Amino acid sequence: MPLRTALLQSSGRPGSVAGNLKVLDEAAGRAADAGAALLVCPEMFLTGYAIGADVHRLAEAADGEAAVAVADIAVRHGLAVLYGYPERDGEQVYNAAQLIGPDGARLANYRKTHLFGGFEQEWFTPGDTPVVQAELGGLRLGIIICYDVEFPENVRAHALAGTDLLLVPTAQMHPFQFVAESVVPVRAFENQMYVAYVNRTGTEGEFEFVGLSCLAGPDGTARARAGRHEELVFGDADPEFLRASRENNPYLRDRRPGLYTSLG
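Draft legend 1. View of the pattern of salt bridges. Applying the stated criterion to the full structure yields 16 salt bridges. A salt bridge links K112 to E43, with the shortest nitrogen-to-oxygen separation between them at 2.9 Å. Residue K112 is located in the loop between β5 (106–111) and α4 (117–123), and its partner E43 is located in the loop between β2 (38–40) and α2 (54–58); the two are separated by 69 residues in the primary sequence. The partner of K112 in a salt bridge is E120, and the shortest N-O contact between them spans 2.9 Å. There is no split in this pair, since K112 and E120 are both buried. A single network of salt bridges, built from pairs that share partners, joins D25, D72 and R76.

Next up, the structure:
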């Protein structure tokens, strides 16, 4: 049975956790009404992205108050939620994304492994676990964040680990919109998976986010595509279509790993 997936393209209310939880609650209601079983939010959705030192002030543990609030939203609307947030672990703060199940259980937590630019490198510690997965609706879900998807090795690691639907909360900005338009569908095709790439939109601090969120399929097409403004779009990750595509596409079968051992 296809997994109906809602992509929330929104920058929310930068600097306001309470405001963003309200945006999430409203979107979760609309997503559930449309039959979605999974709602995917952008990178750093809980707090805002370009908030400087407030990243450390607003950072929470993976099981903190915000996680409890998101779990309540997931349970009330009966769907899973993937959201981006700054995760505090001791003295370290990570750019993280957490998946909460429809029963409120914390299913997976991922810390961004490739930090983009001086802004992220100043405020975050990079994660060191490249493949984080969970099961939902008969599919194996994987999580990476934004810049991570631009490294072929990251996505290929997920393909080899059996990821069916890769969730990519992102804060992709001008002038790099070609990533959303071209790179993401190619990643889905070359790795034979679905990729849910969910972006922020509008201007925030020095950044102009370009939107263009999409659910890309293993055939390399955008099965759902948002425009440049705030939007909730829907797409289906169909396990039967994925199975047939994998049977017909030989990329993963034709690999010769022994030739690649010199790659660092």
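Draft legend 2. Just the pairing of strand β6 (residues 133–136), in detail. The two faces of β6 differ: A134 and L136 on one face are buried, but Q133 and E135 on the other face are not. Sheet topology note: the β6/strand β7 (residues 139–143) ladder contains 4 bridges and is antiparallel. Pairing of Q133 across the sheet is with G142, part of β7. Between the antiparallel neighbours β6 and β7 lie 2 residues, among them G137 with a positive phi of about 55°.

Draft legend 3. Structural view of the packing of aromatic side chains. Summed over all chains, the structure comprises 10 aromatic pairs. When the centroid spacing of 5.2 Å and the interplanar angle of 35° are considered together, the rings of Y49 and F119 count as tilted. Placement of Y49 in the loop between β2 and α2 and of F119 in helix α4 is noted, with a sequence separation of 70 residues between them. A single burial state applies to Y49 and to F119, both of which are buried. Note on F189 and Y251: the rings are 5.5 Å apart at their centroids and 80° apart in plane angle, and the pair reads as edge-to-face. Taken as a pair, F189 in helix α6 (residues 178–191) and Y251 in helix α8 (residues 251–254) lie far apart in primary sequence, 62 residues in all. Among the residues examined, Y251 registers a relative accessible area of 41% and is labelled partly exposed.

Draft legend 4. Just the environment of G217, in detail. For G217, the position within the fold is in the loop between β12 (214–216) and β13 (222–225). The buried category is assigned to G217, whose relative accessible area is 0%. When residues no more than four places from it in sequence are discounted, the contact partners of G217 are A188, F189, M193, Y194 and R223.

The rules behind each value
- Residues numbered from 1 in each chain as written.
- Predicted model: local features only at pLDDT ≥ 70, side-chain atom pairs only at ≥ 80, totals over all residues.
- Heavy atoms only, no water.
- Salt bridge = Lys/Arg side-chain N within 4 Å of Asp/Glu carboxyl O.
- Helix = DSSP H or I, 4+ residues; strand = E, 2+ residues; numbered from the N terminus.
- Buried < 20%, exposed > 50% of the residue type's maximum accessible area, 1.4 Å probe, protein only.
- Pairing = 2+ DSSP bridges.
- Phe/Tyr/Trp six-rings, centres within 6.5 Å; stacked < 30°, edge-to-face > 60°.
- Contact = heavy atoms within 4.5 Å.

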